[in-house]
Amino acid sequence: MKLTIIGSGYVGLTTGACFAEVGHHVMCVDNNEAKIQSLLEGKIPIYEPGLENIVRKNVASKRLQFTTSTEVGVNHGEVIFIAVPTPPQPDGSVDLSFIEKVAREIAVCLDSYRIVVDKSTVPVKTGERVAQTIRRYAKPGVEFDVISNPEFLREGSAVDDLMNPDRIVIGGNSDRALGIMQKVYEPFVAPVLVTDINSAELIKHAANSFLALKISYANALSEICEVTGADVEKVVEGIGMDKRIGRSFLNAGLGYGGSCFPKDIAAFIALSDQAGTPFNLLKEVEKINVRQLNRFVDSIREALWVLRDKKIAVWGLSFKPNTDDVRCSVAVSLVEALVKEGAQVTAYDPKGMEKFLELPISSKITLAATPLEAATDAEALVIATEWPEFSGVDLRELHQVMRAPLIFDGRNLLEPSEAIDAGFQYRGIGRGTVPVAP
Ligand code: UGA
């Protein structure tokens with residue numbers, strides 16, 4: 001089938017590449033000329049395992065094409081996916097101006113029946129607005145349908161998530177459009193849930209909020225574990241073995257970050273407030289997330305007494321492993337908090353340093369070429385992102401290069417007994433009362 005994706009960011013590019021991979025003919029549109037030019041040359045603007053391969057392969061087979069022209073895109077695809085950013089506004093609600101603009105641009109190019117699919121994460125009822133907008137700006141009599149088809153991919157495993165999804169959600173009220181959408185997804189082996197548009201839109205916000213709630217639940221437990229001497233790792237293992245609860249997304253740590261959860265939870269809260277049905281549970285989820293980082297910084301200060309002029313190594317800058325994305329990264333917030341108190345920070349991240357250099361805070365710290373280089377002469381080491389590379393570092397060698405043997409493991413990456421055996425004072429998240437200062 002001929003498909004068009006408008007917006008070639010994380011979701012748009014990966015979705016387009018995966019659709020091409022299963023045999024569709026895909027046109028990706030983006031108004032950023034430099035980005036389209038580099039994609040045409042086979043250069044991928046993001047680090048996402050497996051993506052570069054399938055982009056190159058499908059560009060070579062001409063199943064994946066790129067353009068800056070919406071008109072070319074609208075002419076190409078019988079189904080047009082909108083995958084543009086939906087950034088937050090200061091009050092937490094979503095800025096839908098990119099979606100509205102694309103809806104207008106599509107409308108003026110429409111000549112014959114098209115399905116316009118919203119893939120961006122949007123508040124419930126956006127589909128209705130998109131349909132109204134297209135009707136207003138399109139030539140009289142032109143037929144179209146609007147569908148909501150939220151995306152559930154995670155950065156770092158986006159290709160796999162798209163190729164092997166848990167479910168596909170298609171929201172719409174036209175049998176004609178729903179039938180075509182089922183054909184689009186025929187090559188994927190996954191259950192398809194068909195709903196009305198509003199329900200599909202709500203599913204996305206509700207899913208992300210529930211996952212964030214699980215994380216905050218584990219983090220709230222970690223606080224109780226710290227004061228009672230229990231180990232949160234064992235507690236979540238124990239509750240996660242109950243199939244009704246499940247073990248995933250119960251990892252206690254520095255809290256959730258990234259370009260999705262913080263924004264989507266804030267948007268869902270704003271939406272529920274505006275609707276007159278405040279979702280107070282999610283307000284607590286947010287509060288726990290903020291408190292988790294503050295508590296961690298407090299514990300570093302408590303151990304080092306004063307942070308000013310202390311040399312602190314930070315491992316990890318990306319918001320999670322296997323991505324170079326540092327947007328709303330808790331690791332970056334942690335660096336900012338340490339720098340604010342006068343600490344001298346040296347950081348290392350396997351993939352995130354290039355994007356980190358674009359942030360203002362980067363001028364205030366030093367970047368190292370290896371984890372050991374970052375830790376050399378440090379008075380404390382903070383693990384902020386659980387990159388697998390960090391758990392492979394020889395702890396005895398690490399001990400030798402550091403000035404003082406203190407580890408603050410913000411992601412519970414290391415085995416406390418191994419760190420202690422190597423001579424470290426170790427502090428994780430919710431791992432009982434491990435003594436820190438001599
Ligand atoms: C998230 C959802 O998982 C996807 O299903 C969704 O499609 C995506 O948002 C989106 O809305 O586009 P993503 O933000 O890529 O995906 O990353 P996650 O793996 O969900 O991690 C989010 C944050 O939660 C990270 O900072 C991670 O470190 C943190 N996290 C995750 C925890 O602190 N503990 C956990 O147990 C799991």
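Parameters at a glance
- Residues numbered from 1 in each chain as written.
- Predicted model: local features only at pLDDT ≥ 70, side-chain atom pairs only at ≥ 80, totals over all residues.
- Heavy atoms only, no water.
- Salt bridge = Lys/Arg side-chain N within 4 Å of Asp/Glu carboxyl O.
- Buried < 20%, exposed > 50% of the residue type's maximum accessible area, 1.4 Å probe, protein only.
- Helix = DSSP H or I, 4+ residues; strand = E, 2+ residues; numbered from the N terminus.
- Domains from an automatic or database assignment.
- Buried area = accessible area lost by both parts, 1.4 Å probe.
- Polar contact = N/O pair within 3.5 Å; in protein donor to acceptor, adjacent residues only side chain to side chain.
- Nonpolar A, V, L, I, M, F, W, Y, C, P; charged D, E, K, R; others polar.
- Near = heavy atom within 4 Å.
- Areas by Shrake-Rupley, 256 points an atom, 1.4 Å probe, with all protein chains shown as cover.
- Arc of directions from axis to C-beta.
- Contact = heavy atoms within 4.5 Å.
- Pairing = 2+ DSSP bridges.
- Right-handed = clockwise from strand over helix to strand, strands pointing away.

Q: Can you lay out the pattern of salt bridges for me, pointing to particular residues and giving the numbers?
A: Under the counting rule described, the total for this entry stands at 26 salt bridges. When the shortest N-O distance is used, the salt bridge between D161 and R154 registers 2.7 Å. A residue is classified by how much of its surface remains accessible, and D161, at 13% relative accessible area, is buried. Accessibility expressed as a relative area gives 40% for R154, which makes it partly exposed. Of the charged contacts, one joins D324 and K355 as a salt bridge, the two residues approaching to 2.9 Å between their closest N and O atoms. On the criterion of sequence distance, the pair formed by D324 in the loop between β9 (311-315) and α13 (330-340) and K355 in helix α14 (residues 353-356) is long-range, its members being 31 residues apart. Since its relative accessible area comes to 8%, D324 is described here as buried.

Q: I'd like a description of the domain arrangement of the protein, backed by residues and values.
A: One frequently used descriptor of interface size is the decrease in accessible area upon assembly of the parts. Segmentation of the protein into domains returns domain 1 (2-195) and domain 2 (235-427). Between domain 1 and domain 2, the C-alpha centre-to-centre distance is 33 Å. When domain 1 packs against domain 2, close to 1300 Å² is buried across both sides, 57% of that on carbon and sulfur atoms. Of all residues in domain 1, Y47, G92 and E155 bury the most surface against domain 2, accounting for 43% of the area lost on that side. Along the contact surface separating domain 1 from domain 2 lie eight residue pairs in polar contact (both at pLDDT 80 or more). In terms of residue class, the side of domain 1 that touches domain 2 is built from 10 nonpolar, five polar and three charged.

Q: Mind laying out the site of the ligand, listing which residues take part and the relevant values?
A: Lining the immediate environment of the ligand, one finds 20 residues, of which F152, L153, E155, K204 and N208 sit closest. Against a free-state accessible area of 710 Å², the protein chains account for coverage of 92% of the ligand. Of all the secondary structure elements, the ones that give two or more residues to the shell around the ligand are α9 (197-228) and α11 (261-274). Element by element, the count of residues in the shell around the ligand is highest for α9, at three residues. Of the residues in the shell around the ligand, the class split is nine nonpolar, four polar and seven charged. When residues are assigned to domains, the shell around the ligand turns out to be shared by domain 1 (2-195) and domain 2 (235-427), each giving three or more.

Q: Outline helix α3 (residues 51-60), listing residues and values.
A: Along α3, the residues that are buried comprise L51, I54, V55 and N58. Around the axis of α3, the buried residues are gathered within 105° of arc, so they sit on the same side. Facing away from the buried side of α3 by over 90 degrees, the exposed positions are N53 and A60. Of the residues trailing α3, K62 is marked for its positive phi of about 65°.

Q: How would you summarise the side chain of E155 if you had to cite specific residues and measurements?
A: Tracing the chain through its elements places E155 in the loop between β6 (144-148) and α7 (158-163). Within polar-contact distance, the side chain of E155 engages the side chain of T323 at 3.5 Å. Among all residues touching E155, those that are not within four sequence positions of it are Y10, E48, S259, F319, K320, T323, D325 and R327.

Q: Any chance you could break down the pairing of β6 for me, citing the residues and the numbers?
A: With five of its five residues buried, β6 lies for the most part within the structure. Neither face of β6 is exposed, since F144, V146 and S148 on one face and D145 and I147 on the opposite face are all buried. Pairing of strand β5 (residues 114-118) with β6, which is carried by five bridges, proceeds in the parallel orientation. Its bridge partner being in β6, D118 is matched across the sheet by S148. In the classification by handedness, the crossover that spans β5, the intervening helix α6 (residues 126-137) and the parallel β6 is right-handed.

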